[in-house]
Every structure is written in structure tokens, then in C-alpha cells.
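The residues making up each chain are set out below.
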Amino acid sequence: MRWFTFILGLILFSSCGTKVPFTNGMVEEYNLYSEKQMAKVQFYTSQTITLNRVKKASSSNHASNGVLVENSSKFEDRITIQAQTPGVIEKIGEEGNLYVRFEQGKGKFLSFKIRPNAQNGRYYLDAQFTMNNGGQLSYGEETYTVTSQAGQTYLMVIVKKIQNSISKDRVVRGMKI
């Protein structure tokens, strides 16, 4: 019975993993230089990313029954990728960008890259950010805007540390004459 409890405890504790930021150090440590190797890695977002696209459809002004009427309409498209959403590698860019897919569809992936001045080596969301206006990026062959807060989103992975240990115990009863 003690062995069963020991083995069950070993399985439970060894199957847990911890989500940590994915860095260029991990690329080197785990030899993840090719798309084939990178395809074996499950990525996650560190925080929520909201993509917005606003398109004004039409606008008209006219008089009706003695009243001036302004009629306008717009189309809003909002895509939310929640924190901890799993994604897979689509491709590795020429400059080392990682293109990660969170859903099916043509061009529906986001680019993550290491910031030039960052010391931590994390892969952050890549968009064309402007001062205090958020950023623009391409997703599904459309241009979307993201908040400047989304620029702090980085990729995460689960790291599982497995330590195998074998021990042999026995009790010696002694010897009698």
C-alpha cells in the first residue's frame, strides 16, 4: 500500500508544469531553431489582446417632414484573444519574429518579437505603435488597432521539471550465533 501511495504521489507531482515567459534563452537551451522543433511547443498569451477595426459604412443628410436628419452607420469588428489562450507556431520570420496562430483562417496569426533594448529576451506582441495611440497590425488580411497596453503582451510556455530518483532501502535484521 505504501508503494501505491508513493507512485501515485510521484505521478501527481511530476505531471505539473509552470507557465513561464518564452525567451530567446529557451530557444538555445531546448534547440528550437527550426519551425519543425518549434511546432512541438504550446504557446500562451500573458494577457488579453483586443483587436479593433472600425469601418464607416455610409452617411447621408436629408430633410424629412421639416426635420434635418443625419444618418450614419459604422461597422465595428472586435476580436479578443484572452490571457492564457493557447497558440501554435505558424512560421519563424527572417528577423527572428515568431508568428503564432490562435485560430484557423488565412493570415490569422500574430507576430511576436524580441525588443531590441530588452534585457529579458521575451517575445512581445509586434505592432506599429505610435505615441499614446496604441498600435496597428495585420490580422486575417485586415488592419486592426490594439491598445498600447497590448504591447506588454508576451508569449508564455509551460515548463515541466521532471526529476527521476531511484532509491533502494532495506533493513538489516542482524545475525545471531
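Described in the following lines is the structure provided in the data block. (Residues numbered from 1 in each chain as written. Predicted model: local features only at pLDDT ≥ 70, side-chain atom pairs only at ≥ 80, totals over all residues. Heavy atoms only, no water.)

## Topic: the pattern of salt bridges
Okay, step 1: This structure, assessed with the given rule, holds seven salt bridges.
Okay, step 2: Of the charged contacts in the structure, one is a salt bridge between Arg53 and Asp77, with a shortest N-O distance of 3.4 Å. Taken together, the residues span a long stretch of sequence, with Arg53 in strand S3 (residues 49–64) and Asp77 in strand S4 (residues 67–81) at a distance of 24 residues. In this pair, the class of Arg53 matches that of Asp77, namely buried.
Okay, step 3: Linking Arg101 and Glu90 is a salt bridge whose minimum nitrogen-to-oxygen distance equals 2.8 Å. In this pair, Arg101 sits in strand S6 (residues 98–101) while Glu90 sits in strand S5 (residues 86–92), placing the two residues eleven residues apart along the sequence.
Okay, step 4: Note on Arg101: relative accessible area 12%, which makes it buried.
Okay, step 5: The class of Glu90 is partly exposed, set by a relative accessible area of 33%.
Okay, step 6: Ionic contacts of the salt-bridge type, sharing partners, join the residues Arg53, Asp77 and Glu142 into one network. (Salt bridge = Lys/Arg side-chain N within 4 Å of Asp/Glu carboxyl O. Helix = DSSP H or I, 4+ residues; strand = E, 2+ residues; numbered from the N terminus. Buried < 20%, exposed > 50% of the residue type's maximum accessible area, 1.4 Å probe, protein only.)

## Examining the pairing of strand S11 (residues 142–146)
Okay, step 1: As judged from the five bridges shared by strand S10 (residues 134–139) and S11, these two strands associate in the antiparallel manner. Of the residues in S11, the one forming a bridge with Gln136 is Thr145.
Okay, step 2: With antiparallel pairing between neighbouring strands as the criterion, S10 and S11 make up a hairpin whose turn holds two residues, including Gly140 at a positive phi of roughly 60°. (Pairing = 2+ DSSP bridges.)

## Focus: the sheet that holds S5
Okay, step 1: With respect to topology, seven strands assemble into an open sheet ordered S1-S12-S2-S5-S6-S7-S8, the strand pairing being antiparallel. The open sheet has two free edges, formed respectively by strand S1 (18–21) and strand S8 (123–125), since each of these has just one partner strand. Direction aside, neighbouring strands of the sheet carry axes that sit 45° apart on average.
Okay, step 2: One ladder, built from four bridges, connects S6 with strand S7 (residues 109–114); its direction is antiparallel. Opposite Arg101, over in S7, you have Phe109 as the bridge partner. (Axes fitted to C-alpha atoms, helices over the stretch in contact; angles between N-to-C directions.)

## Quick look at the pairing of S7
Okay, step 1: In this structure, S7 lies alongside S8, joined through three bridges in antiparallel fashion. Along S8, the bridge assignment pairs Ile114 with Tyr123.

## Description of the side chain of Arg101
Okay, step 1: One polar contact links the side chain of Arg101 to the main-chain carbonyl oxygen of Glu103, over a distance of 3.1 Å.
Okay, step 2: In terms of polar contacts, Arg101 uses its side chain to reach the backbone carbonyl oxygen of Gly105, at 2.7 Å. (Polar contact = N/O pair within 3.5 Å; in protein donor to acceptor, adjacent residues only side chain to side chain.)

## Thoughts on the packing of aromatic side chains
Okay, step 1: Evaluation of the coordinates by the stated rule reveals six aromatic pairs.
Okay, step 2: Here the aromatic rings of Phe22 and Phe43 are separated by 5.1 Å at their centres, their planes lie at 85°, and the arrangement is edge-to-face. Linking Phe22 in the loop between S1 and helix H2 (24–29) with Phe43 in strand S2 (residues 43–45), this pair joins segments that are 21 residues apart in sequence. For the pair Phe22 and Phe43, a shared accessibility class is recorded, and that class is buried.
Okay, step 3: Members of the aromatic cluster, each reached through a chain of ring pairs, are Phe22, Phe43 and Tyr123.
Okay, step 4: Lying across the ring of Tyr44, Lys19 places its NZ or CZ 4.2 Å from the centre. (Phe/Tyr/Trp six-rings, centres within 6.5 Å; stacked < 30°, edge-to-face > 60°. Lys NZ or Arg CZ within 6 Å of the ring centre and 35° of its normal.)

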